[in-house]
Amino acid sequence: MVQRPLDMAHEFLAQVIGPEDTTVDATMGNGHDTLFLAQLSGQVHAFDIQEKALVQTQQRLEQSGQHHVQLHLIGHEHLAQYVEEAKAVIFNLGYLPSADKNLVTLPETTLAAVEAACHILLPGGRIAIMVYWGHPGGSEEKDALLEFVQELPQEIYTVLEYRTLNQRNCPPFLIMIEKKVEKHG
């Protein structure tokens, strides 16, 4: 059976995360990705601008006994102010399910956050970006993001896209970025 893009995102990141690593959930949401990262890594930083996201994530983490997570009530474009280096970063673009659907990720802040994530990413590290774009403004964010990642230098990054091609209604898709390991010799 074909993997859903979000399952593929988790598998892509899980392949490189170790128990000593620092990871980032750039869009905390309901805390599912934050918990996923917490179960694999030594330190997680999670970001969101909505207090509801922080409360829901905190509850999810407490229920599962995960305590090595820093929750930040601030936009993901500021992640480099809190994290110096990370092995994995995940984004879920769009809006927080079950919340105000007018509060959405925006091209300017998303591009700033993805650029910051690329800079803090360790060699061999990975970024997974789930692109939900069926909401007002989503198409502009998608286009700006695709343009940005296609311009990342191929000597440093490998960029992949995973999407269904025969689905209607703006199906979500996954952008995967891996920072190459420097070759010596």
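That block above? That's the structure.
To keep things clear, this report deals only with the structure shown in the data block. Because the structure is predicted, anything quoted here is derived from the model rather than measured. (Residues numbered from 1 in each chain as written. Predicted model: local features only at pLDDT ≥ 70, side-chain atom pairs only at ≥ 80, totals over all residues. Heavy atoms only, no water.)

**Quick look at the packing of helix 4 (residues 107-120) against helix 5 (residues 138-150)**
Rule in force here: Helix axes are fitted only over the stretch in contact, all axes being lines through C-alpha atoms; the angle between N-to-C directions runs from 0 to 180 degrees. Per the convention used, a helix needs a DSSP run of H or I reaching at least four residues, while a strand needs a run of E reaching at least two, with both numbered from the N terminus. Throughout, the term roughly parallel applies to angles under 35 degrees, roughly antiparallel to angles over 145, roughly perpendicular to angles from 65 to 115, and oblique to all others. Working rule for handedness: look at the near helix, and if it is turned counterclockwise from the far one by less than a right angle, call the crossing left-handed; if clockwise, right-handed. Only heavy atoms enter the contact rule, under which two residues are in contact if any of them lie within 4.5 Å. Note that Gly is not counted as nonpolar here; it falls among the polar residues with everything else outside the nonpolar set of Ala, Val, Leu, Ile, Met, Phe, Trp, Tyr, Cys and Pro and the charged set of Asp, Glu, Lys and Arg.
In the contact formed by helix 4 and helix 5, the axes pass within 9 Å of each other and the chain directions differ by 30°. Taken together, helix 4 and helix 5 sit at an angle that is classed as roughly parallel. The handedness of the crossing between helix 4 and helix 5 comes out as right-handed. Judged by residue contacts, P107, T110, L111, V114 and E115 of helix 4 engage E140, E141, A144, L145 and F148 from helix 5. Considering only residue class, the contact of helix 4 with helix 5 consists of six nonpolar, one polar and three charged.

**As for helix 1 (residues 5-14)**
In plain terms, the rule: Any residue under 20% of the maximum accessible area for its type is buried, any over 50% is exposed, and the rest in between are partly exposed; the area is computed with a 1.4 Å probe on protein chains only.
For helix 1, the buried fraction is high: seven of the ten residues fall into the buried class. For helix 1, the complete set of buried residues consists of P5, L6, M8, A9, H10, F12 and L13. At its buried positions, helix 1 is contacted by helix 2 (32-38), strand 4 (86-92), strand 5 (121-131), strand 6 (157-162) and strand 7 (173-179).

**Considerations on the packing of aromatic side chains**
Convention followed: A pair of aromatic rings is counted whenever rings of Phe, Tyr or Trp (Trp by its six-membered ring) have centres within 6.5 Å, and the orientation is called stacked for planes under 30 degrees apart, edge-to-face for over 60 and tilted otherwise. Note on criteria: charge over ring means Lys NZ or Arg CZ within 6 Å of the ring centre, with the direction from the centre no more than 35 degrees off the ring normal.
Enumeration over the complete set of coordinates arrives at one aromatic pair. The ring of W133 carries K142 above its face, with NZ or CZ at 4.6 Å from the centroid. Above the plane of the ring of F173 lies R163, whose end atom (NZ or CZ) is 3.8 Å from the centre.

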